[in-house]
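Coordinate inspection notes
Below are the chains, spelled out letter by letter.
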Amino acid sequence: MHATRPPLQPAPVDGPFCRNCGARAEVSYCPVCGQETRIEMPTVGHFIAEFAEQTFALQGQLWRTLQSLLLKPGELTLEYVAGRRQRYVRPLRLYLALSILFFAVLGLSGNTGFMQIGSGPEAQVGSSSATADRPAAAADGAGSSTTTGGEEAGATARRRGEMHIDTGFPDFDARANHRLDLLLSLPKEELTERIFDTFTSWAPAAMFLLMPLFAAFLKLGYLRRGANYAVHLLFAVNFHSFIFLVLLAGLLPVIGRFDGVLALAVPAYLWLALRRVHGGGWLSTALFVLLLCLVYVIAMALVMALAILLPLALL
């Protein structure tokens, strides 16, 4: 027969000692390891409260952090360097939470509007006229279907002519162009969906990998300030957190209508943050911001192009 096991209970402790490290702890939290000293049996509510407290720091830290991030560009970097850290959500935790939230919302909403293929004025006119002509097309029968098929083939041919890979490596170019032709022969909706899937899969890693490069350019731009690379990396993490906040706002239907204003908010915020953290004249900082944005956009485009083209060539 098996012996009856006693019910699960927190480990008994004789005296005001921490159950985790054994240090003397006469207050609510252990002064050595930080674990709470009042241990009770876990409940579902306890798990939820612990998750909210540890992950999102809802006990004032999150709201204070978001307020500083949005309304005081560069403030989080200065506060962290000054040693006032406990009152805010730690930079990397904030970045990860906002980036995960953005890509989760983006994936659930399926908002591919900013990736539509051929979404210019001509395409919009063509789509509206095609919609208006559908009843007539149904009446015309096979002739109309042939015309529509010819138009789609012509659009595919134009896309192929505009997109040709020439890296200087013949074998790679041949395979990549072949795969690219197969991709471009897909219907526009399916092509947009595939590019959207690639973006949502690779963009988080791309932005995370580009942050050290962004910090390196900051280091080069402010060599005379004497700040070490870690300070610039900290600035980059906080700035990217703001970018994800802007992207999240852009997913809202009401705010998304002002996408031009949101796009201008990013370099304007960077200009204010750099002046707050490093000082400098407004004109020299503005020119440096323009250079940073240009380099960043080019680097992001290259990374995303590799994310799309490498799988095409290696399949």
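Above this text is the structure in question.
Residues numbered from 1 in each chain as written. Predicted model: local features only at pLDDT ≥ 70, side-chain atom pairs only at ≥ 80, totals over all residues. Heavy atoms only, no water.

1. So, a nonpolar patch on the surface
A grouping of Leu92, Leu96, Ile100, Phe208 and Leu209 is seen on the molecular surface, where their side chains present a nonpolar patch of about 500 Å² in accessible area. Elements represented by at least two residues in the nonpolar patch include exactly helix H4 (91–109) and helix H9 (188–221). Element by element, the count of residues in the nonpolar patch is highest for H4, at three residues. Considering the arrangement of structural elements, one finds Leu209 in helix H9. (Patch = residues over 30% accessible without salt bridge, like charges linked within 9 Å, V, L, I, M, F, W, Y side chains within 5 Å. Areas by Shrake-Rupley, 256 points an atom, 1.4 Å probe, with all protein chains shown as cover. Salt bridge = Lys/Arg side-chain N within 4 Å of Asp/Glu carboxyl O. Helix = DSSP H or I, 4+ residues; strand = E, 2+ residues; numbered from the N terminus.)

2. Considerations on the packing of helix H10 (residues 229–250) against helix H12 (residues 259–278)
Look at H10 against H12: their axes get within 11 Å of each other, and the N-to-C directions meet at 155 degrees. When the axis of H10 is compared with that of H12, the two are roughly antiparallel. Here H10 runs over H12; the crossing is right-handed. Each of His232, Phe235, Phe239, Phe242, Ile243, Val246, Ala249 and Gly250 in H10 lies in contact with H12, whose residues at this interface are Leu262, Ala265, Val266, Tyr269, Leu270, Ala273, Leu274, Val277 and His278. For the contact of H10 with H12, the residue count by class is 14 nonpolar, three polar and no charged. (Axes fitted to C-alpha atoms, helices over the stretch in contact; angles between N-to-C directions. Parallel < 35°, antiparallel > 145°, perpendicular 65-115°, else oblique. Left-handed = near helix turned anticlockwise from the far one by under 90°. Contact = heavy atoms within 4.5 Å. Nonpolar A, V, L, I, M, F, W, Y, C, P; charged D, E, K, R; others polar.)

3. A short note on the packing of aromatic side chains
Evaluated as defined, the whole model comprises ten aromatic pairs. Considering the side-chain rings of Phe102 and Phe103, the 4.9 Å spacing of their centres and the 70 degrees angle between planes classify their relative orientation as edge-to-face. A single burial state applies to Phe102 and to Phe103, both of which are buried. By the ring-pair criterion, three or more aromatic residues cluster together here, those being Tyr95, Phe102, Phe103, Phe208 and Phe244. Over the aromatic face of Tyr80 sits the side chain of Arg85, whose NZ or CZ is 4.0 Å from the ring centroid. (Phe/Tyr/Trp six-rings, centres within 6.5 Å; stacked < 30°, edge-to-face > 60°. Buried < 20%, exposed > 50% of the residue type's maximum accessible area, 1.4 Å probe, protein only. Lys NZ or Arg CZ within 6 Å of the ring centre and 35° of its normal.)

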